[in-house]
Amino acid sequence: MKRHGALLVAIAVAVLAGASLATAQSVAEFFPLAEGNWWRYIGSDVDLTMSVQATGTGEFLVSTVINGFVVQREYYAFVGDDVVALRREYPQGSFALEPPQVFLKGPFAPGQRWNWKGQVAGQTASMSFVVLEPETVETPAGSFEATPVAIDGFVGGEEIHTMRWFAPGIGMIREQLQVSQGEQAILVDLVLADYNVQ
């Protein structure tokens, strides 16, 4: 009888370990960087589109257009199991992220944590990232089982709190951003309205 009990415990441990590994997925599933992919978000009086171009150097350019104007270009690359942000370009100028910032850390699973400290446009920045448990998120583009990432940090004198929800095979489906400087706070809430992912 003791043998059977030990065997059942061993099987249960193996099944639970397998289930844990099954929930860890490739970051490429949650941020599908491929030529021609695009996402359109609406909310907070903003109509925003992000589109992907392959650069041919192993990097991907993600252009952000708000209300018809290009407001940001970001360069990403896959480094090991991670998606890393390398540099950003704005109409006012461009800058490299020093060191490159881990955007999503693999394997992507609830409980995953990472920190980043570096320079953003000459300002000191510090951010912490935590992957939370999946939840159902309703958007104009549909209902998705999505994994949220909580991001907290500082850039210069600004305090930043962000939640981003990522759905496998789709990408980011919602973003809530709060930026505080002194007594002022700005809140932006964007949800997925349409997308094309190959």
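Okay, so let's go over this structure. Computed from a predicted structure; not experimentally measured. (Residues numbered from 1 in each chain as written. Predicted model: local features only at pLDDT ≥ 70, side-chain atom pairs only at ≥ 80, totals over all residues. Heavy atoms only, no water.)

Pairing geometry for strand β7 (residues 113-120) and strand β8 (residues 123-131), over eight bridges, is antiparallel. Its bridge partner lying in β8, Gly 118 is registered against Ala 125. Between the antiparallel neighbours β7 and β8 lie two residues, among them Ala 121 with a positive phi of about 55°. Pairing of β8 with strand β10 (residues 142-155), which is carried by seven bridges, proceeds in the antiparallel orientation. Bridge pairing in β10 links Val 131 to Val 149. (Pairing = 2+ DSSP bridges. Helix = DSSP H or I, 4+ residues; strand = E, 2+ residues; numbered from the N terminus.)

A separate point is the layout of surface pockets. Empty space within the largest pocket amounts to approximately 1200 Å³. Gln 72, Tyr 90, Arg 164, Glu 175 and Leu 177 are, among the 36 residues lining the largest pocket, the residues nearest its centre. At five residues, strand β11 (residues 158-167) tops the list of elements feeding residues into the lining of the largest pocket. Classifying every residue of the lining of the largest pocket gives 26 nonpolar, five polar and five charged. (1 Å grid on protein atoms, 1.4 Å probe; cavity = no way out; pocket = protein on both sides within 12 Å on 5 of 7 lines; lining within 4 Å. Points joined across faces, edges and corners; volume = space filled by probe spheres on them. Nonpolar A, V, L, I, M, F, W, Y, C, P; charged D, E, K, R; others polar.)

Moving on, we come to unusual backbone geometry. Cis geometry marks the peptide bond from Glu 98 to Pro 99, where omega comes out at -10°. Take Pro 99: it is sitting in strand β6 (residues 93-104). That bond from Gly 106 to Pro 107 is cis: its omega, -5°, falls within 30 degrees of zero. Mapped onto the secondary structure, Pro 107 falls in the loop between β6 and β7.

Note that Pro 100 resides in strand β6. For the pair Pro 100 and Lys 117, spaced 17 residues apart in sequence, the C-alpha separation works out to 9.6 Å. Those residues in contact with Pro 100, other than ones at most four positions away along the chain, are Val 84, Ala 85, Leu 86 and Trp 116. (Contact = heavy atoms within 4.5 Å.)

Note that every value here comes from positions in space, so none of it alone points to a role or purpose.
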